[in-house]
Amino acid sequence: MIIVMKPEAADHDVDHLVERLRELGLKAQVTKGEERTVVGVIGDDRLLHDQPLSVFPGVESVTPILAPWKLVSREFQKHDTVIDVNGVKIGGKKITIMAGPCAVEKLELTVGIAKEVSAAGASILRGGAYKPRTSPYSFQGLGQEGLDYLVEARKQTGMPVVSEILDARDIGHFLEKADIIQIGARNMQNFELLKEVGDYDKPVLLKRGLSATVKELLLSAEYILSRGNRNVMLCERGIRTYETLYRNTLDLTAVPALKEMSHLPVIVDPSHATGKWNLVAPMAKAAIAAGADGLLIEVHSDPEFALCDGEESIKPSRFKDLMANLKKVAEAVDREL
Ligand code: PEP
Ligand code: MN
């Protein structure tokens, strides 16, 4: 951390600051220039993260050097994290496609979609059993019964399943029935929920909050890793901007930025990012070109009658065509699909 003093700062202001740093277990290196004094802090400046040093008399600016996260950072781990989900590896050279309905509906429908996306090359089945709906009058999901349908779909297809948890009290059901626990955008900063999933080694798909910055996403992931669970993947799913033509704005810049800053796999969800089925394929291709390690895509065999997000769901036939196109993009950026 670099602390620059104001031109009028007195020696006793500098001494007072240095004394406080010493109390906090850090060393200070004081450099007196012609106009300013600069205090360089030696040691892990994350210890100072919550310290209001800028209010000390004579202090002009405080600039941290270390990021406030540690375990999720590239400095901490140089190589990419590869998460093994029942034999499906996420984060390696091969791109992982997770596909399925927004919400788990009827059993036959869920199993039918699972078979179709699996045949087209998807390796993980998605499906919400607990749905975080904006309106309390919208379909809220089948709850535990929905998780049971996913278990049946896994049995019939061999695909691991990802499903969203809304309430920490359901953790037992998710540990038993899901292969990846999804933390949705609305819960990215539900810190108690993050701590809960951090206490197990079950893989977690952490989605970026509706209006969260990349740094906030990394700090939320740090919550999970700091409890011991290292099996976390980050998901860019679009952020809220002034644009209203589509549901969200897919922040593709976040993909290479996250890959540079963190060793965790990065997944892109072009379905919730766009909210429109016709925009899903182009953004899926763009996401792979940008370096995503995987995609989360909503597929429904009958979008017109879907109980949730029919407008952004693509039909299995389109999904199959998309997979063929994604293969070409993957090869162009030296990845496999
Ligand atoms: C979902 O994937 O089902 C979902 C609700 O997404 P998000 O949390 O990104 O809105
Ligand atoms: Mn959805």
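Look above for the structure.
This text gives an overview of the structure that appears in the document. Worth saying up front: this structure is predicted, and the values here are computed from it rather than measured.

What follows is about the site of ligand 1. Within the structure, ligand 1 sits among Arg-126, Lys-131, Pro-132, Glu-164, Gln-182, Gly-184, Ala-185, Arg-186, Lys-207, Arg-237 and His-272. Lys-207 is positioned such that a nitrogen or oxygen atom in its side chain is 2.8 Å from an oxygen atom of ligand 1. When the free accessible area of ligand 1 is taken as 290 Å², the share hidden by the protein chains comes to 97%. Per-class residue counts for the shell around ligand 1 are two nonpolar, three polar and six charged.

Here we take up the packing of helix H9 (residues 277–289) against helix H10 (residues 316–332). Where H9 contacts H10, the axes come no closer than 9 Å and their chain directions differ by 20°. As far as their axial angle goes, H10 and H9 are roughly parallel. In the packing of H9 onto H10, the handedness of the crossing is right-handed. Counting all contacts with H9, which are made through Trp-277, Ala-281, Ala-284, Lys-285, Ile-288 and Ala-289, the residues of H10 involved are Arg-318, Leu-322, Asn-325, Leu-326, Val-329 and Ala-330. Here the residues of the contact of H9 with H10 are counted per class, giving nine nonpolar, one polar and two charged.

The subject of this paragraph is the packing of aromatic side chains. Inspection of the entire model under this criterion finds two aromatic pairs. Here the aromatic rings of Tyr-130 and Phe-174 are separated by 5.7 Å at their centres, their planes lie at 40°, and the arrangement is tilted. Here Tyr-130, found in the loop between strand S8 (124–126) and helix H3 (144–157), pairs with Phe-174, found in helix H4 (residues 171–177); they are 44 residues apart in sequence, far enough to count as distant.

Here we take up the side chain of Lys-207. With respect to the helices, strands and loops of the structure, Lys-207 is situated in strand S11 (residues 204–207). Among the polar contacts listed, one links the side chain of Lys-207 to the side chain of Asp-269, at a separation of 2.7 Å. Here Lys-207 is in contact with Gln-182, Ile-183, Gly-184, Ala-185, Met-188, Leu-217, Cys-235, Arg-237, Asp-269, His-272 and Leu-296, once residues within four sequence places are set aside.

Taken together, the four strands give an open sheet; going across it, the order is S2-S3-S1-S4, and neighbouring strands pair in antiparallel fashion. A single partner strand is all that each edge strand has here, and the edge strands are strand S2 (27–32) and strand S4 (59–63). The sheet shows a mean angle of 20° between the axes of neighbouring strands, taken without regard to direction. Strand direction decides the pairing type here: S2 and strand S3 (residues 37–42), joined by six bridges, are antiparallel. What sits directly across from Lys-32, in S3, is Thr-37.

Here the focus is the coordination of the manganese ion (ligand 2). At this site the manganese ion (ligand 2) is bound by Cys-102 (SG), His-272 (NE2), Glu-298 (OE) and Asp-309 (OD), with donor distances of 2.0 to 2.3 Å. Sequence spacing of the donors to the manganese ion (ligand 2): C-x169-H-x25-E-x10-D. Highlighted residues: Cys-102 in the loop between strand S7 (96–100) and helix H2 (107–120) and His-272 in helix H8 (residues 270–274), separated in sequence by 170 residues. For His-272, a relative accessible area of 9% gives the class buried.

The next thing to look at is helix H1 (residues 11–23). Under the 1.5 Å per step criterion, the end-to-end length of H1 is 18 Å for 13 residues, consistent within 8% with the ideal 18 Å. Buried residues of H1: Asp-13, Val-14, Leu-17, Val-18 and Leu-21, and no others. Buried residues of H1, seen end-on, are gathered within an arc of 130° and therefore sit on one face of the element. Set apart from the buried face of H1 by more than 90 degrees, the exposed residues are His-12, Asp-15, Arg-22 and Glu-23. Tucked into the core, H1 has its buried residues touching strand S1 (2–5), S2, S3 and S4. One or two residues past the end of H1 sits Gly-25, with phi positive at roughly 85°.

We now examine the pairing of strand S14 (residues 294–298). A regular strand places its side chains on the two faces of the sheet in alternate fashion. Of all five residues in S14, five are buried, a share of seventy percent or more. Side chains Gly-294, Leu-296 and Glu-298 project from S14 onto one buried face, and the interleaved Leu-295 and Ile-297 project onto a second face that is buried too. One ladder, built from two bridges, connects strand S13 (residues 266–268) with S14; its direction is parallel. Bridging across to S14, Val-268 finds its partner in Leu-295.

If you walk around this closed barrel you meet the eight strands as S7-S8-S9-S10-S11-S12-S13-S14, and the pairing is parallel. Strand-to-strand twist in this sheet, taken as the mean axis angle between neighbours without regard to direction, amounts to 25°. In this fold H3 packs onto S8 and strand S9 (161–164), with an angle of close to 170° to the strand it touches most, S9.

Taking 1.5 Å per residue as the helical rise, H2 with its 14 residues ought to reach 20 Å, and the 20 Å between its terminal C-alpha atoms agrees with that figure. All buried positions along H2 are accounted for by Thr-110, Val-111, Ile-113, Ala-114, Val-117 and Ala-120. Considering only its buried residues, H2 is in contact with S7, S8, H3 and H10. Positive backbone phi, approximately 115°, marks Gly-121, located one or two places after H2.

About the criteria used
- Residues numbered from 1 in each chain as written.
- Chains lettered and ligands numbered in written order.
- Predicted model: local features only at pLDDT ≥ 70, side-chain atom pairs only at ≥ 80, totals over all residues.
- Heavy atoms only, no water.
- Near = heavy atom within 4 Å.
- Polar contact = N/O pair within 3.5 Å; in protein donor to acceptor, adjacent residues only side chain to side chain.
- Areas by Shrake-Rupley, 256 points an atom, 1.4 Å probe, with all protein chains shown as cover.
- Nonpolar A, V, L, I, M, F, W, Y, C, P; charged D, E, K, R; others polar.
- Axes fitted to C-alpha atoms, helices over the stretch in contact; angles between N-to-C directions.
- Helix = DSSP H or I, 4+ residues; strand = E, 2+ residues; numbered from the N terminus.
- Parallel < 35°, antiparallel > 145°, perpendicular 65-115°, else oblique.
- Left-handed = near helix turned anticlockwise from the far one by under 90°.
- Contact = heavy atoms within 4.5 Å.
- Phe/Tyr/Trp six-rings, centres within 6.5 Å; stacked < 30°, edge-to-face > 60°.
- Pairing = 2+ DSSP bridges.
- Donors = N, O, S within 2.8 Å, 3.2 Å for Na, K, Ca; no water.
- Buried < 20%, exposed > 50% of the residue type's maximum accessible area, 1.4 Å probe, protein only.
- Expected span 1.5 Å × (residues − 1).
- Arc of directions from axis to C-beta.

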